[in-house]
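Structural description and commentary
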Amino acid sequence: MREPVGLLGTGRMGSAIGRRLLAAGAPLRVWNRTPDKVVPLVAGGAVAAGSLAGLAACPVVFVMVSTSEDLLAVLDGPDGLLSCPAGLRVVVDCSTVSEAASAQARALAAAAGVGFVAAPVSGNPSVVDAGAACFVASGPREQFALAEPLLRGIGKTAVWVGDGEQSRLVKLCHNLYLGVMVQALAEVTALAEKSGADREAFLRFLGETVVGSEWVRRRTPALAAEDWTPTFTTTLLRKDFDLGLGAARDHEVPMALAGLTHQLIQAAVGRGLGDLDLLALYAMQAESAGLTR
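Right, let's walk through the structure included here. For every chain, the first residue of the written sequence is number 1, and numbering continues from 1 along that sequence. Given that this is a predicted model, residues contribute local features only at a pLDDT of at least 70 and side-chain atom pairs are listed and counted only at 80 or more, while totals for whole chains, interfaces and linings are drawn from all residues. As a convention, hydrogens and water are excluded, and side-chain values are obtained from all of the structure's heavy atoms.

Regarding the overall build of the chain
Helix and strand assignments come from DSSP, with helices taken as H or I runs of at least 4 residues and strands as E runs of at least 2, each series counted from the N terminus. Helix and strand counts for the chain come out as 13 helices and nine strands. Here the chain has a C-alpha radius of gyration of 20 Å; the compact-globule value for 293 residues is 19 Å, and the two agree. Dimensions of the chain, computed from C-alpha atoms along their principal axes, come out at roughly 65 × 45 × 35 Å. Burial classes follow relative accessibility: with a 1.4 Å probe on protein chains only, a residue under 20% of its type's maximum area counts as buried, one over 50% as exposed, and anything between as partly exposed. For the chain, with 293 residues in total, the buried portion stands at 50%. Residue contacts follow a heavy-atom distance rule, with two residues in contact if any of their heavy atoms lie within 4.5 Å. The long-range share in the chain, meaning contacts at least 24 apart out of those at least 6 apart in sequence, stands at 67%. Only the protein chains shown count as cover for residues, and all accessible areas are computed by the Shrake-Rupley method using a 1.4 Å probe. Split by element, the accessible area of the chain, about 13000 Å² in all, is 58% carbon and sulfur. With C-alpha atoms as the basis for the radius of gyration, the globule rule is written as 2.2 Å multiplied by the number of residues raised to the power 0.38.

In structure tokens, the structure reads:
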């Protein structure tokens, strides 16, 4: 029998990772701070761990939480994952957190005799479900080697970028670019629509040009229909811009476009769009452009 794999955190992204692990045949054990959230995965064949100590019996445990504070909270303390590591060999954290929190988590793991691989994921839950997620990973090579087969079973690629916290900043750079791209898309779409062009037709055209992308093509139906069902919320995007621009300040890198986009994201959250999909930036742009809704 294959060794069990642990999963800590079964929100939208964590559950998608869990479904991919189950589809790959992994004996999966799951735990979540809100126990009801593990029910769908258990119905699909996973086993609910009664505690984090039960999860720590797995050689490899994936973690998917929302914030830096959440990551440290589930690892540390008398009831944390690292409190009694038993058979745990490596923690694979797929969250998007700061370099500082990642380094602190790595130190906590090392003190418990456990490896730590930072492997943030690119892709929303539907992308993960389709097996098209991309992982960027960092940590000692031998620890990455333990995680790599599982990461490649979940997604389409897992790229190692260094032996420390490099993957954290790489993922933040990705999300900074994503936010700038969404705001630019909102602006040109609003301009095309106000000129009299059909929004969906404009997006279909744009998606097939050299500046188009698979992301634009995949998100066109939602943007055309103004469907802001969350895949990645505006509030989570703001969190990543906070982290990314903080890193840019630490490294003395000017980020003019990202800085302006950060303020527009903040404005969207302030207008009550925080729990909606990041495409809701278009709603604010359309309002600013005087488009009638």
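Section: the environment of Leu203
For Leu203, the location among the structural elements is in helix α9 (residues 199-208). Judged by relative accessible area, Leu203 falls into the buried class, the value being 1%. Along the backbone, Leu203 and Val216 are 13 residues apart, and their C-alpha atoms lie at a distance of 7.7 Å. The contacts of Leu203, once residues within four sequence positions are left out, are Leu185, Thr189, Val216, Thr220, Leu223 and Ala224.

Notes on the sheet that holds strand β1 (residues 5-8)
Overall, parallel pairing links the six strands, which are arranged β3-β2-β1-β4-β5-β6 in an open sheet. Of all the strands in the sheet, the pair left with one neighbour each is β3 (47-48) and β6 (115-118). Two elements, β1 and strand β4 (residues 60-63), share four bridges in a ladder whose sense is parallel. Counterpart to Leu8 in the pairing with β4 is Val63. Following DSSP output, two strands are said to pair if at least two bridges run between them.

Side note on the side chain of Asp93
With respect to the helices and strands, Asp93 occurs in strand β5 (residues 90-93). Discounting residues that sit within four places of it in the chain, Asp93 has contacts with Val63, Leu71, Phe116, Val117, Ala118, Ala119, Pro120 and Arg168.

Quick word on the pattern of salt bridges
By salt bridge we mean one thing: a side-chain nitrogen of Lys or Arg within 4 Å of a carboxyl oxygen of Asp or Glu. The final tally for this structure, using the stated rule, is 12 salt bridges. A salt bridge links Arg199 to Glu193, with the shortest nitrogen-to-oxygen separation between them at 3.0 Å. In this structure, the salt-bridge partner of Lys239 is Asp240, at a minimum N-O distance of 2.9 Å. We classify Lys239 as buried; its relative accessible area is 19%. Overall, Asp240 belongs to the buried group, its relative accessible area being 2%. Overlapping salt bridges, with partners in common, bring together Glu193, Arg199 and Glu226 in one network.

Focus on helix α5 (residues 99-111)
To estimate how far a helix should reach, multiply one less than its number of residues by 1.5 Å. Taking 1.5 Å of rise per residue, the 13 residues of α5 would be expected to cover 18 Å, and the 18 Å separating its terminal C-alpha atoms lies within 8% of that figure. Taken together, the buried positions of α5 are Ala101, Ser102, Ala105, Arg106 and Ala109. Projected down its long axis, α5 carries its buried residues within an arc of 140°, all on one side. Exposed side chains of α5 directed beyond 90 degrees from the buried face belong to Ala100, Ala110 and Ala111. Elements in contact with the buried residues of α5: α4 (68-75), β6, α7 (141-154) and α8 (166-194). Each C-beta atom gives one direction from the helix axis, and the arc is the one those directions make.

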